[in-house]
Amino acid sequence: MVQIEIDNGSGFCFGVTTAIQKAEEELAAGKTLYCLGDIVHNGMECERLKQLGLVTINHEEMKQLHGVKVLLRAHGEPPSTYEMARENDIEIIDATCPVVLQLQRRIKKQYDTCPDAQIVIFGKPGHAEVLGLVGQTESKAIVIANVEEVKQLDFTRDIYLYSQTTKSLDEFHRIIEYIQEHISPDATFKSFDTICRQVANRMPNISAFATRHDLVLFVCGRKSSNGKVLFNECKSVNPNSHLIEGPEEIQKEWLEGVRTIGICGATSTPKWLMEQCRDAIIPNP
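Description of the structure in this document.

Reading the values: the criteria
Residues numbered from 1 in each chain as written. Predicted model: local features only at pLDDT ≥ 70, side-chain atom pairs only at ≥ 80, totals over all residues. Heavy atoms only, no water. Pairing = 2+ DSSP bridges. Helix = DSSP H or I, 4+ residues; strand = E, 2+ residues; numbered from the N terminus. Axes fitted to C-alpha atoms, helices over the stretch in contact; angles between N-to-C directions. Contact = heavy atoms within 4.5 Å. Core = buried A, V, L, I, M, F, W, Y, C linked by side-chain atoms within 4.5 Å. Buried < 20%, exposed > 50% of the residue type's maximum accessible area, 1.4 Å probe, protein only. Parallel < 35°, antiparallel > 145°, perpendicular 65-115°, else oblique. Left-handed = near helix turned anticlockwise from the far one by under 90°. Salt bridge = Lys/Arg side-chain N within 4 Å of Asp/Glu carboxyl O.

1. Some details on the sheet that holds strand β12 (residues 260–265)
Taken in spatial order, the four strands make up an open sheet running β1-β12-β10-β11, and their pairing is parallel. Each end of this open sheet is capped by a strand with a single partner; those strands are β1 (3–6) and β11 (241–244). The mean inter-strand angle of the sheet, taken between neighbouring strand axes irrespective of direction, is 20 degrees. The sheet contacts of helix α11 (residues 271–281) involve β1, β10 (215–219), β11 and β12, and relative to β12 the element is tilted by about 155 degrees.

2. Overview of the nonpolar core
Among the nonpolar cores identified, the biggest contains 18 residues, and Val150, Ile159, Leu161 and Ile179 are the most heavily contacted of them. Those elements giving two or more residues to this core turn out to be β6 (118–122), β8 (159–163) and α7 (169–182). Examining the composition of this core, we find that five residues originate from one element, α7, more than from any other. Apart from residues no more than four positions distant in its own chain, Val150 is found in contact with Ile144, Phe155, Ile175, Tyr178 and Ile179. Core analysis: the next-biggest nonpolar cluster, separate from the first, contains 16 residues, Ala19, Ile39, Val40 and Ile93 among them.

3. A word on the packing of helix α2 (residues 43–51) against α11
Close contact between α2 and α11 brings their axes to 10 Å; oriented N to C, the two are set at 115 degrees. With respect to α11, the element α2 is oriented roughly perpendicular. Read as a crossing pair, α2 and α11 show a hand that is right-handed. For the pair formed by α2 and α11, the contact residues are Met44, Glu45 and Arg48 on the first element and Trp272, Leu273 and Gln276 on the second.

4. Here's the deal with the pairing of β12
Of all six residues in β12, six are buried; the element is thus mostly enclosed. Where burial is concerned, the two faces of β12 agree: the one with Thr260, Gly262 and Cys264 and the one with Ile261, Ile263 and Gly265 are both buried. With four bridges connecting them, β1 and β12 associate as parallel partners. By the bridge assignment, Ile6 is partnered in β12 with Ile263. Examined bridge by bridge, β10 and β12 share five bridges and lie parallel to one another.

5. Comments concerning the sheet that holds β8
The strand order β7-β6-β8-β9 describes an open sheet built from four strands, whose pairing is parallel. In the strand order of this sheet, the two ends are held by β7 (142–144) and β9 (189–191), each with one partner. When strand polarity is set aside, the average angle formed by the axes of neighbouring strands in this sheet is 20 degrees. Direction of pairing for β6 relative to β7: parallel, over a ladder of three bridges. By the bridge assignment, Phe122 is partnered in β7 with Ile144. Packing against the sheet, α7 makes contact with β6, β7, β8 and β9, and its axis sits at approximately 175 degrees to β8.

6. What about the pattern of salt bridges?
With the rule as written, the count across this model stands at 14 salt bridges. The shortest N-O distance in the salt bridge between Asp38 and Lys223 comes to 2.8 Å. Within this pair, whereas Asp38 is found in the loop between β2 (33–36) and α2, its partner Lys223 is found in the loop between β10 and α10 (225–237), the two being separated by 185 residues in sequence. Classification of Asp38 as partly exposed rests on a relative accessible area of 22%. The salt bridge involving Glu245 is made with Arg222; its shortest N-O contact spans 3.9 Å. One end of the pair, Glu245, is in the loop between β11 and β12; the other, Arg222, is in the loop between β10 and α10, with 23 residues separating them in the sequence. Here the salt bridges share partners, and the residues they tie into one network are Glu24, Glu45 and Arg48.

As structure tokens, this is what we get:
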């Protein structure tokens, strides 16, 4: 009989857990609550909270609201969002992750101190967290998605490098090495390791987990940045790894001839969803 193991280290990180708890507390009190953007990059968890009454909005829709409560998710927001809330008499329920909040403050302080330097953020362009970070610099920070894009920097000018909290530690180090090799002797280069260890520490753990199983089902919303990083790590050590958003995506042919199945996920993956995937394979284990 096939054995299924759910990775104990997978599931919501501290920041996501706190944001969802704050949303549930407000909704349990019977209050109308809006959330600016998806509270978590997982469609099924977003749908669960929608059923409880959470209304997801975008920035344009927020501009039309007055005198309501709006939750800011763990990713954080730029200063302009708080200004809009003040102008529209909106009460902010701030669930910005403390790690992200600290990073925002560091970047703002750096920008205020050295406004003419290149503040560089290793991150995904357009990602909610990255938009919040860039907003601390009056939108002057340079966002690079990978090592290749580092070449666009001006190596004759000072560079201060930060990272989105959920990026790959290895790639961040490769970017640092490239800049160190090319920076002018007359320019200053400083890098700040701002990658969240709740994500980074999952890399070796999930790698070890993936090697233990014949088949790995990585449960994750396809918009999750850290999910892509963690899934790629699974795939690198176990080619028989598949990214799925829910149990309906499990294909029967994957299960043929396997003795052990590992189910894991991202920091945005709820435990109940991983359990649903297990139950779809072996009902009521």
